[in-house]
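Each chain, written out:
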Amino acid sequence: MPIWILNVYSAPEKKVELEEKGIQVIASNLDTAVADVPAVSGAMTMPVINKEYQYVVDLGGNDVGTLVLGRIKPLLDHAEADFFMVVNAYRPNTSTPEGIIEQMENLEYAAGLKVTGFINNTNLVRETTAECLLHGDEVLKEVTKRTGVPVKYVSYVKDVMTEEIPEGLSGELFPMEFNMRKTWM
């Protein structure tokens, strides 16, 4: 089954690399490497219409990106779509259960979809520790208790984690690698 990534923000320097791995990228329709705006090609409806495709829509870090969903929302089968919210409990707007719930409600309002799961992505970039994952888990457990929305995944960068991943975290472990971040960041 082909995999597509619909990215509302431009990442032209990685498009060739992803496509070499069999991932079709539909990104900004602006032909520039310096633009970071929510402008997506009309081709974004292709994987939504063709049920043979699996696809991910990357909306960016706030509810502005969800406005792009307006183009595909009428085509979505809401019963088949997962709408995950990625949470870093060290970010100002998502550091408390109240902040996460407020962000979730803003995303749901802008997208017209209900969040079906959280991704615990609590990190301090290259200084991330097991304690970071535990902190995010603690905060998100409280959010789950209040909202009923479960934690689906716990993401972390394999090369950064020098400690054992704690057992008992909510959600499936999702190890990642740095691909977009420059080495100096």
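Residues numbered from 1 in each chain as written. Predicted model: local features only at pLDDT ≥ 70, side-chain atom pairs only at ≥ 80, totals over all residues. Heavy atoms only, no water.

Engineer: Talk me through the packing of helix H3 (residues 97-111) against helix H4 (residues 130-147); I want residue IDs and the actual numbers.
Structural biologist: Across the interface, H3 lies against H4 with an axial gap of 9 Å and an inter-helix angle of 60°. One way to sum up the angle between H3 and H4 is to call them oblique. When the axes of H3 and H4 are compared, the crossing they make is right-handed. Contacts from Pro97, Glu98, Ile100, Ile101 and Met104 in H3 reach Val139, Leu140, Glu142, Val143, Arg146 and Thr147 in H4. Looking at side-chain class alone, the contact of H3 with H4 contains 7 nonpolar, 1 polar and 3 charged residues. (Axes fitted to C-alpha atoms, helices over the stretch in contact; angles between N-to-C directions. Helix = DSSP H or I, 4+ residues; strand = E, 2+ residues; numbered from the N terminus. Parallel < 35°, antiparallel > 145°, perpendicular 65-115°, else oblique. Left-handed = near helix turned anticlockwise from the far one by under 90°. Contact = heavy atoms within 4.5 Å. Nonpolar A, V, L, I, M, F, W, Y, C, P; charged D, E, K, R; others polar.)

Engineer: So what's going on with the environment of Gly148? Residues and values would help.
Structural biologist: Mapped onto the secondary structure, Gly148 falls in the loop between H4 and strand E6 (151-157). For the pair formed by Gly148 and Thr116, sequence separation is 32 residues and the distance between their alpha carbons is 9.3 Å.

Engineer: How would you sum up the packing of aromatic side chains? Please name residues and give values.
Structural biologist: Evaluation of the coordinates by the stated rule reveals 2 aromatic pairs. Centroid distance Phe84 to Tyr153: 5.8 Å. Interplanar angle 75°. Geometry classified as edge-to-face. With a gap of 69 residues between them, Phe84 in strand E4 (residues 84-87) and Tyr153 in strand E6 connect regions that are remote in the sequence. Exposure remark for Phe84: the relative accessible area of 30% places this residue in the partly exposed category. Among the residues examined, Tyr153 registers a relative accessible area of 25% and is labelled partly exposed. With a centroid separation of 5.9 Å and 75° between ring planes, the pair formed by Tyr153 and Phe174 is classed as edge-to-face. Of the two residues, Tyr153 is situated in strand E6 and Phe174 in strand E7 (residues 172-176); the sequence distance between them amounts to 21 residues. Through pairs of rings, three or more aromatic residues link up here, namely Phe84, Tyr153 and Phe174. (Phe/Tyr/Trp six-rings, centres within 6.5 Å; stacked < 30°, edge-to-face > 60°. Buried < 20%, exposed > 50% of the residue type's maximum accessible area, 1.4 Å probe, protein only.)

Engineer: If you had to explain the side chain of Thr122 to someone new, which residues and values would you point to?
Structural biologist: Locating Thr122 in the fold gives a position in the loop between strand E5 (117-120) and H4. With a relative accessible area of 0%, Thr122 lands in the buried category. Within polar-contact distance, the side chain of Thr122 engages the backbone nitrogen of Ala89 at 3.2 Å. One polar contact links Thr122 to Asn120, side chain to side chain, over a distance of 2.8 Å. Those residues in contact with Thr122 that sit more than four places away from it in its chain are Val87, Asn88, Ala89, Tyr90, Thr128, Cys132, Leu133, His135 and Gly136. (Polar contact = N/O pair within 3.5 Å; in protein donor to acceptor, adjacent residues only side chain to side chain.)

Engineer: Tell me what's going on with the sheet that holds E4, and back it up with residues and numbers.
Structural biologist: The strand order across the open sheet formed by 4 strands is E4-E5-E6-E7, and the pairing between neighbours is parallel. Each end of this open sheet is capped by a strand with a single partner; those strands are E4 and E7. Pairs of neighbouring strands in the sheet enclose a mean axial angle of 25°, with direction left out of account. Bridging between E6 and E7 involves 5 bridges; their strand directions are parallel. By the bridge assignment, Tyr153 is partnered in E7 with Glu172. The sheet contacts of H4 involve E4, E5 and E6, and relative to E5 the element is tilted by about 170°. (Pairing = 2+ DSSP bridges.)

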